Amino acid sequence: MTPFGTRLHAAMAERGRLCVGVDPHAALLREWGLDDDVAGLERFALTTVEALAPICAVLKPQSAFFERFGSRGVAVLERVVLEARAAGALVLLDIKRGDIGSTSQAYADAYLDPASPLACDAVTLSPYLGLGSLDPFVETARRHGAGVFLLALTSNKEGAEVQHAVGADGLRVADRVLAHLSALNEGAEPLGSFGAVVGATISAPVTGPAFDLDFGGPVLAPGFGAQGGTVADLQRIFGSSSAHVLASSSRDVLRLGPDPVAMAEAVHGLHDQLAVLA
Ligand SMILES: O=c1ccn([C@@H]2O[C@H](COP(=O)(O)O)[C@@H](O)[C@H]2O)c(=O)[nH]1
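By the naming in an unreviewed UniProt entry, the protein goes by Orotidine 5'-phosphate decarboxylase and is assigned to Nocardioides dokdonensis FR1436. Listed under Pathway (unreviewed entry) in UniProt, the entry text for the protein is "Pyrimidine metabolism; UMP biosynthesis via de novo pathway; UMP from orotate: step 2/2." The UniProt entry for the protein carries the following text under Sequence similarities (unreviewed entry): "Belongs to the OMP decarboxylase family. Type 2 subfamily."

What follows is the structure, given as C-alpha cells:
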C-alpha cells in the first residue's frame with residue numbers, strides 16, 4: 001500500500017486542504033429534523049458521506065458520537081468508513097486512543113489493519129502514556145500504509161497547561177511530540193505519514209520560542225469554524241509551514257444539512273478560502 005503521507009499529499013493537491021468532521025451531535029440531529037437514535041444517526045452520517053466524500057480530501061468521523069449508541073452505532077461507523085473510502089475520501093478516525101504498548105497493538109489492529117471491519121486510513125492518538133507506548137501504532141501504520149496524528153497543541157484552551165509544560169529534558173511536552181514526529185518522518189517524500197494535531201485556535205506560547213511545526217508530516221488543524229479559528233489564524237500559526245496543513249471543521253459545515261447542496265457549496269467556498277495558504 002502507498003504510504004498514507006503520499007496518499008494524503010495527492011488528495012490535498014487534488015481536492016484541497018479541508019477535512020470535514022462527521023460529528024453527529026444530538027443537537028444537530030434535531031436541527032436536521034431527525035430523532036436522536038440509531039436511525040437518525042445513520043441518516044445523518046450517510047447523508048453527510050454521500051454529499052461530501054466525493055469532494056473532500058479527508059473525512060474525520062468522531063468515534064464518540066457513534067459509540068454513544070453502542071454496537072449499533074459502531075455498525076453505522078463501519079458503514080461510514082467503508083462508504084467514504086469507496087467515494088474517494090481518506091478517512092481519519094478521531095479516536096484519541098493511547099495505552100500501554102500491548103493494548104496499543106490491539107487498538108492498532110482494530111483501526112489500521114485492513115482486515116478489520118473498522119480499518120481506516122489514519123487515526124488520532126494521545127501521547128499521554130509516553131511516545132514509546134505508541135510504537136505498535138507506528139509499526140502497524142508503516143506495515144499497512146496508514147497514518148497517525150498525535151495530539152500536540154490541541155484546539156481547546158485547557159490543553160496548554162499540559163502541552164506547554166516543560167519536561168525533565170528541558171523540552172516542552174509539545175516540542176517533544178513534534179521532535180518525535182520529525183524522527184518518524186525522516187526521509188519520507190513528499191510527506192511523512194506521522195502527523196500532529198495543532199488547533200486552528202492556539203495562541204503563541206507565553207514564554208519560550210515558537211513551536212517548530214516543520215516536522216515533515218501533515219498537520220490536522222481542528223477548531224477551524226465553530227471554535228473560532230479562521231484562515232487568518234492558520235496563516236498566523238503556520239506561516240510558511242502551512243503547505244501540509246489540513247484545516248478541520250465539523251459543526252460549521254454540518255449545520256447546513258440535511259441539504260447536500262448547501263453542505264457541498266460550503267465546502268467549495270472553504271476550499272477557495274484555504275487556497276491562499278502558503
Ligand atoms: O484539538 C482538537 C482535537 C480534536 N478535535 C475534534 O475536532 C472536532 C471539532 O469539531 P467542530 O464542530 O469543528 O468544533 C471534534 O470532533 C473534536 O473532538 C478538536 O476540536 N480539537
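So much for the structure itself; the text now carries on.
Let us look at the packing of helix α3 (residues 38-52) against helix α12 (residues 260-274). Between α3 and α12, the shortest axis-to-axis distance is 9 Å and the interhelical angle comes to 50°. In this view, α3 runs oblique relative to α12, as classed from their interaxial angle. Handedness of the crossing formed by α3 with α12: right-handed. Of the residues in α12, those in contact with T47, E50, A51 and L52 of α3 are P260, M263, A264 and V267. In terms of residue class, the contact of α3 with α12 is made up of 6 nonpolar, 1 polar and 1 charged.

Around the ligand, the structure places 17 residues, and the nearest of them are Q62, T154, P222, S250 and R251. Residues belonging to the shell around the ligand are distributed by class as follows: 3 nonpolar, 11 polar and 3 charged.

Turning our eyes to something else, we now look at the UniProt feature "active site" (unreviewed entry) in the protein. Using the residue numbers shown here, the UniProt feature "active site" (unreviewed entry) corresponds to K96. Checked against the element boundaries, K96 lands in strand β3 (residues 90-97). K96 sits in the partly exposed class, given 18 other C-beta atoms within 10 Å. Beyond its immediate stretch of four places on either side in the chain, K96 contacts T124, L125, S126 and L151.

Let's shift gears to the sheet that holds strand β5 (residues 147-153). Pairing is parallel in the closed barrel, where 8 strands are placed in the order β1-β2-β3-β4-β5-β6-β7-β8. Mean inter-strand twist for the sheet, computed between neighbouring axes without regard to direction, equals 30°. Taken together, the 3 bridges between β3 and strand β4 (residues 122-125) define a ladder with parallel strand orientation. Bridging from a neighbouring strand, L93 pairs with V123 of β4.

Note: most peptide bonds trans; most residues except glycine with negative phi. With an omega of 0°, the peptide bond between E189 and P190 qualifies as cis. Tracing the backbone through its elements, the reader meets P190 in the loop between α9 (173-184) and β6 (194-198). One non-glycine residue, K96, lies in positive phi territory at about 45°.

Procedures and definitions
- Residues numbered from 1 in each chain as written.
- Predicted model: local features only at pLDDT ≥ 70, side-chain atom pairs only at ≥ 80, totals over all residues.
- UniProt positions renumbered as here; feature names shortened; annotations may be inferred.
- Axes fitted to C-alpha atoms, helices over the stretch in contact; angles between N-to-C directions.
- Helix = DSSP H or I, 4+ residues; strand = E, 2+ residues; numbered from the N terminus.
- Parallel < 35°, antiparallel > 145°, perpendicular 65-115°, else oblique.
- Left-handed = near helix turned anticlockwise from the far one by under 90°.
- Contact = placed C-beta atoms within 7 Å.
- Nonpolar A, V, L, I, M, F, W, Y, C, P; charged D, E, K, R; others polar.
- Near = placed C-beta within 6 Å.
- Buried ≥ 20, exposed ≤ 12 C-beta atoms within 10 Å, placed from the backbone.
- Pairing = 2+ DSSP bridges.

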